[in-house]
Amino acid sequence: MRKALKCLSLLIAITMVFSLAACGSTNGGETGPTDSSAVQGTGGAKAPVTLSFTHMFPTEDTEGNSIAFHKALEKFKSENPNVTINEEPLSHDNYETKVRTLAAGNELPDIFIVKGSMTSMFIQNKLINPVDDVINSDPEWKEAFLQGAFDDFVVDGKSYGIPFQMLNTHLIYYNKQLLNDAGITAFPTTWTEFLEAINKLKAKGLTPISLGNKGNWVAESCILSTLGDRYTGTDWFRSIKEKKGAKFTDPEFISALRALQELAKMGAFNTDLNSIDNMQQKTAYYNGKAAMFMEGNWAVSNVINDAPKEIQDNTELALLPAVDGGKGDAMANSAGAAWAYNVNSSLTGDKLATAYKVLKAVTDADYATISVESNAFPASNPKTIDKSKLAPLSIKYLDLSAKIKPVPIYDAQLSADLIQVMNTGLQQLLIDSITPEDLAKKIQAEYEK
Amino acid sequence: MKHKILKLVTQAIINLFMILFSITCIFPLIWMLYSSLKTQQEFSLDIISLPKVLHFDNFIAAIKIGKMHMFFGNSLFNSVVSVILIIIIGFVVAYFLSRYNFKLRNFIYIVFLFGMLVPVHSLLIPLFIQFKVLWLLDKRFTLILPYVAFGLPMAIFLFESFIKSTPVEIEEAAYLDGGSTSTIIFKIVFPVCRPVISTILILSFLNAWNEFPFALILLRKQSLKTLPIGLSNFNGAYTVNYPQLMAAMVIAVLPVIIIYLLSSKRIIEGMTAGSVKG
Amino acid sequence: MTSRTLRPKNRVIAAYLAPGLLIYCFIVIVPLIISLIYSFFDYSGGISMKFTGLKNYQHLIRDIDFWSSFKNNLVIILLSMVGQIGIALVITIFMMSKLLKLKAVHRNIIFLPVVVSAIVVGFLWTMIYNKDFGLLNFLMKALGMESLIIPWLDNPKYVIISVSMPIIWQYIGFYLVIFLAAIQSIPGEIYESADIDGAVGIKRSLYITIPLMSDTLKVAVMLCIAGNMKIFDHIYVMTGGGPGTSSMVMAQYAYINSFVMFKLGYGSAISIGILVLSLSLILLSRKLWGGKKDEA
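Rules used throughout
Residues numbered from 1 in each chain as written. Chains lettered and ligands numbered in written order. Predicted model: local features only at pLDDT ≥ 70, side-chain atom pairs only at ≥ 80, totals over all residues. UniProt positions renumbered as here; feature names shortened; annotations may be inferred. Helix = DSSP H or I, 4+ residues; strand = E, 2+ residues; numbered from the N terminus. Rg over C-alpha atoms; globule rule 2.2 N^0.38 Å. Buried ≥ 20, exposed ≤ 12 C-beta atoms within 10 Å, placed from the backbone. Contact = placed C-beta atoms within 7 Å. Pairing = 2+ DSSP bridges. Core = buried A, V, L, I, M, F, W, Y, C linked by C-beta atoms within 7 Å. Domains from an automatic or database assignment. Expected span 1.5 Å × (residues − 1). Nonpolar A, V, L, I, M, F, W, Y, C, P; charged D, E, K, R; others polar. Axes fitted to C-alpha atoms, helices over the stretch in contact; angles between N-to-C directions. Parallel < 35°, antiparallel > 145°, perpendicular 65-115°, else oblique. Left-handed = near helix turned anticlockwise from the far one by under 90°. Right-handed = clockwise from strand over helix to strand, strands pointing away.

In the annotation of an unreviewed UniProt entry, chain B is listed under the name L-arabinose transport system permease protein AraQ and assigned to Ruminiclostridium hungatei. UniProt, in the comment section headed Subcellular location (unreviewed entry), describes chain B in these words: "Cell membrane". Quoted straight from UniProt, the Sequence similarities (unreviewed entry) entry for chain B says "Belongs to the binding-protein-dependent transport system permease family."

You'll find chain A entered in an unreviewed UniProt entry as sn-glycerol-3-phosphate-binding periplasmic protein UgpB, with Ruminiclostridium hungatei given as the organism.

What follows is the structure, given as structure tokens:
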């Protein structure tokens, strides 16, 4: 018995030493055995290359981004038979968990997707390299990207990701008919008018704004990122991000929090706002029980696919009106790529070059065309857009987005722990269990850590 | 007379209570079943109502796009192998823990107790690194290891308390007749444990069948992945197609229900057998 | 079987225990020790690791969010003990009575929720609690109890009770099966002598059964504590720990720290904290129980 125990503890010790040592060693890039059944390239003299690629576009996913990704990747595969791509598709939430574990184990695949807020941690652990050189070496690729597409991944002046989507996280989807019925003929352009409109809608027995903040990012990403900018202006945020003196306890930011809380207090939102998700917030809107909801541009395709025809035809898009004394621009809108591709820092030679080729195929102007035609919103300008292929709401969105001035999305640029505190606090703010001042102090305390 | 009325009232109350309770247990599953036959639009507009037209497309999509059959096979393999190992290993350990007092007995007992308290998520990253170092990632048997290890504590506790409550005389007699340890354990004690084996069988099968985090972290090859992972692929980044998700859930849950209903007969058999024998 | 002569040699015992211990140590104990080591570091995953000694633990002791999630776990445990074990016992006793019809059907149906994964259960109950078309509010309106309707998952005061209900509901069948299995090991003659019929019979079987099931009950209480100390999925699906942190439980707090906030070191410290608390709670429950009755 005792002997067995000794053997056991020795074994435990050995495994542990190896496991702990593995955290410190750099991994050699050969990520697991390759698929033996993989078809090897036949075309030309090109040597076969195998790449592992973990992404968040399962084929089951019918969102525009996913459809466009698969079309573009298939095209790449048929043009490059010497390249074998071992894909690992995961759903969005699972992808986040997995990529964090893989990063901790230094076992990232050859190609993967990074979130803006992950970049600094990835850089710190030397898991990714800047992409500037490769982008700059290909002017056609570079110039297709939209202004600000790289912003979420810039650290010390270098970009650490190749974006594939451009999110506008804040849009107000409103039902023209319902607003008309309540005596609101045009969408409010001042904050006071906006509040009046909400009261009118409430008097009609409608939910003015349907909100589903269970996932706790909706209030921050889709409302506060833009509402905050209305009050603070973008310079404040830059100062926060670069740690140049701005504070979350600054009166402008507190005003933004207070404005959000006042909306909740006056009954602008549904009472179950913290227990339904952003999928369900649209249900009330589709039923005609809510006059508006606030969500990003991805919801355009949801409305097109899921809303009853009548609701869809009456849906218009708007932005939050300007606020009194605010420092921000009324056309400012929280926008960014949020997620972007990068390659494993250990890749070299042929593998590295091929990996970038794959990424070009899923981000360039040709990709953008496919993406727009799938009702998604790519990070590059498509060469041509055939508007006849688009739904009316998509066209309305493209018209609006041309006028928008992009400002940062909080959760794409601030660190994950800060966002966690902010998001949790916003849930409390919306049910009046914390004051704007206290929440600001809490966020500031986490910021100073 | 009074006694009879009282009895009738009691009977009515008991039966009514149980019927209501059973309805609450089964309704959600029925809801899942009929919701899977709705379209996404029907579902967003009213989540409770019955489908107007039976819409089997969700199932076709779940099988075709979702490759549910492949995940299904993997889940079945992992679950069956794990369950067999859990029952054999758990039974043996529990037998020695319940029947003998040896040095370290309590220590070993408590060490196994630990396993039921460990929040799985806290082990994900260390275990991932460990598997990576020992080249255990992405193998056919990869998931069996954690499933068995995490299934053992529960099996050991159920076996241990069960064996403790059964009489020792038969074993003692067998020992005196010169039976070997293994014969006694497997030929005499094991059959007596039949009812608790059914319980452990179902529970460990379920755990392995529904397990998610390890399957997510320890496997990369698509061809080895299990049902829960396949199911989660129906969640989009910002959207969920609920009816399709429900269809996939029905596909995942149905076999377990069938296995349960089949083995539940065994449990009842075991029960009556046990009470006759005494 | 305490008699010395019948006891196999230590070597034999060790050989039988070895496979189980080996696999168990490899999968559970080793990672646990690695996790313990992480907890002394400021570690975000990857190669940068900074030794900070007991700092994570000092922080943990003063972390209000951690202790409020511990409190939530305690509430869930208490409710589950009453709800899961209590209701399962009542049903077990009904099952022994001749008055109940369709026993096999009930037993099978009550077990069904156990079969379903926690994620599905959480999702189903979110729908049940829904304000506009939820089943619960629909029923309450039908029964004229409209005034009693509260925002089930949105009121920070009650949310923890609301999220406990599905957990209780799901596992009643689990304890029921354990209890029913335990009853079979009770010799049949005891029941023959106690004619189980009518209300008196139910009361009688209560007095006979429960003491005889004492060992099983002990296991049930322990399983209840162990299971609920690491409960996670149900609540994650229903509320994600919200509103704010009012339905946050310890396992989710550890998860958020490790996987969302990149504080792997601190997340590990929380996990170790969960273990220590769980273990003491179980030992405490054993002490309390053992005080009343001598252990066999």
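Don't stop here, the text continues.
Chemist: Give me the overall build of chain B: which residues, what numbers.
Modeler: Regarding its fold elements, chain B presents 13 helices and 0 strands. Moving toward the C terminus, one meets the helices and strands of chain B in the order α-α-α-α-α-α-α-α-α-α-α-α-α. The C-alpha atoms of chain B give a radius of gyration of 23 Å, which is well past the 19 Å a tight globule of 278 residues would have. Seen through its principal axes, chain B has C-alpha atoms that stretch 75 × 70 × 30 Å. For chain B, the residues scored as buried account for 51% of the 278 residues in total. Considering only contacts in chain B between residues 6 or more positions apart, those separated by 24 or more positions represent 79%.

Chemist: An account of the sheet that holds strand β14 (residues 405-407) of chain A is requested, with residue identities and associated values reported.
Modeler: Residues and elements named next belong to chain A. Across the sheet, which stays open at both edges, the 3 strands sit in the order β7-β12-β14 with mixed pairing between neighbours. At either end of the open sheet lies a strand with only one pairing partner, and these are β7 (167-168) and β14. Across 3 bridges, strand β12 (residues 332-336) lies against β14 in parallel orientation. In the strand pairing of β14, Asn-333 is matched with Pro-406.

Chemist: So what's going on with the UniProt feature "transmembrane region" (unreviewed entry) in chain B? Residues and values would help.
Modeler: Residues annotated in UniProt with the feature "transmembrane region" (unreviewed entry) correspond here to residues 12-34, 76-97, 109-129, 141-163, 184-206 and 242-262 of chain B. Between the C-alpha atoms that bound residues 141-163 of chain B there is a distance of 31 Å. The span itself is 87% helix and 0% strand.

Chemist: An account of the nonpolar core is needed here, citing residue identities and associated values.
Modeler: Residues Phe159(B), Ala248(B), Met249(B), Tyr175(C), Leu176(C) and Phe179(C) are the most contacted members of the largest nonpolar core, which totals 310 residues. Top contributing element to this core by residue count: helix α7 (residues 159-184) of chain C, with 18 residues. Two domains share this core, each providing at least three of its residues, namely domain 1 (48-166 + 337-383) and domain 2 (169-335 + 405-448) of chain A. Look past the residues within four positions of Phe179(C) in its chain and what remains in contact with it is Ala88(C), Leu89(C), Thr92(C), Met213(C) and Thr216(C).

Chemist: How would you explain helix α2 (residues 64-79) of chain A if you had to name every residue and give the values?
Modeler: Residue and element names in this part refer to chain A. Counted at 1.5 Å a residue, the expected span for α2 with its 16 residues is 22 Å, and the 23 Å between its end C-alpha atoms agrees. Every buried residue of α2 is accounted for by Gly-64, Asn-65, Ser-66, Ile-67, Ala-68, Phe-69, His-70 and Ala-72. Buried residues along α2 sit in contact with α13 (299-306), α15 (349-361) and α16 (365-373).

Chemist: Go over the domain arrangement of chain A with me, naming the residues and quoting the values.
Modeler: Residue and element names in this part refer to chain A. On domain assignment, one finds that chain A holds domain 1 (48-166 + 337-383) and domain 2 (169-335 + 405-448). Listed as interface residues are 12 residues of domain 1 and, on the opposing side, 16 residues of domain 2. For the side of domain 1 that touches domain 2, the per-class residue count stands at 3 nonpolar, 6 polar and 3 charged.

Chemist: Quick one: what's the story with helix α1 (residues 2-35) of chain B, residue by residue and with numbers?
Modeler: An ideal rise of 1.5 Å per residue puts 50 Å on 34 residues; α1(B) measures up with 49 Å between its terminal C-alpha atoms. All buried positions along α1(B) are accounted for by Ile14(B), Met18(B), Cys25(B), Pro28(B), Leu29(B), Met32(B) and Ser35(B).

Chemist: I'd love a proper account of the interface of chain B and chain C, names of residues and values included.
Modeler: Listed as interface residues are 75 residues of chain B and, on the opposing side, 72 residues of chain C. Top element by residues in the side of chain B that touches chain C is α1(B). It accounts for 14 residues. Class assignment for the residues of the side of chain B that touches chain C results in 50 nonpolar, 19 polar and 6 charged.

Chemist: So what's going on with the sheet that holds strand β10 (residues 290-295) of chain A? Which residues, and what values?
Modeler: Residue and element names in this part refer to chain A. The strand order across the open sheet formed by 4 strands is β9-β10-β8-β11, and the pairing between neighbours is mixed. Each edge of the sheet is formed by a strand with only one pairing partner; in this case those strands are β9 (207-210) and β11 (315-318). Pairs of neighbouring strands in the sheet enclose a mean axial angle of 25°, with direction left out of account. Pairing of strand β8 (residues 171-175) with β10, which is carried by 4 bridges, proceeds in the antiparallel orientation. Bridged to Tyr-173 within β10 is Phe-293. Docked against the sheet, helix α12 (residues 278-286) engages β8, β9 and β10, running at close to 155° with respect to β10.

Chemist: Could you give an account of the packing of helix α3 (residues 64-96) of chain C against α7(C), naming the residues involved and the relevant values?
Modeler: Residue and element names in this part refer to chain C. At a minimum axis distance of 7 Å, the contact between α3 and α7 shows a crossing angle of 40°. Relative to α7, the element α3 lies oblique. Read as a crossing pair, α3 and α7 show a hand that is right-handed. A breakdown of the residues in the contact of α3 with α7 according to their chemical character gives 20 nonpolar, 6 polar and no charged.

Chemist: How would you explain the packing of α2(A) against α16(A) if you had to name every residue and give the values?
Modeler: Each pair of packed helices gets described by two things: the angle between the helix axes and the distance between those axes. All names here are of chain A. Relative to each other, α2 and α16 sit at 135°, their axes nearing to 8 Å. Looking at the two axes, α2 sits oblique to α16. Seen along the crossing, α2 lies across α16 with a hand that is right-handed. Residue-level contacts link Gly-64, Ala-68, Lys-71 and Ala-72 of α2 to Tyr-367, Ile-370 and Ser-371 of α16.

Chemist: Report on the pairing of strand β2 (residues 83-89) of chain A, specifying residues and quantitative values.
Modeler: All names here are of chain A. Sheet topology note: the strand β1 (residues 49-55)/β2 ladder contains 7 bridges and is parallel. Bridging across to β2, Val-49 finds its partner in Val-83. For the handedness criterion, the β-α-β arrangement of β1, α2 and β2 is classed as right-handed.

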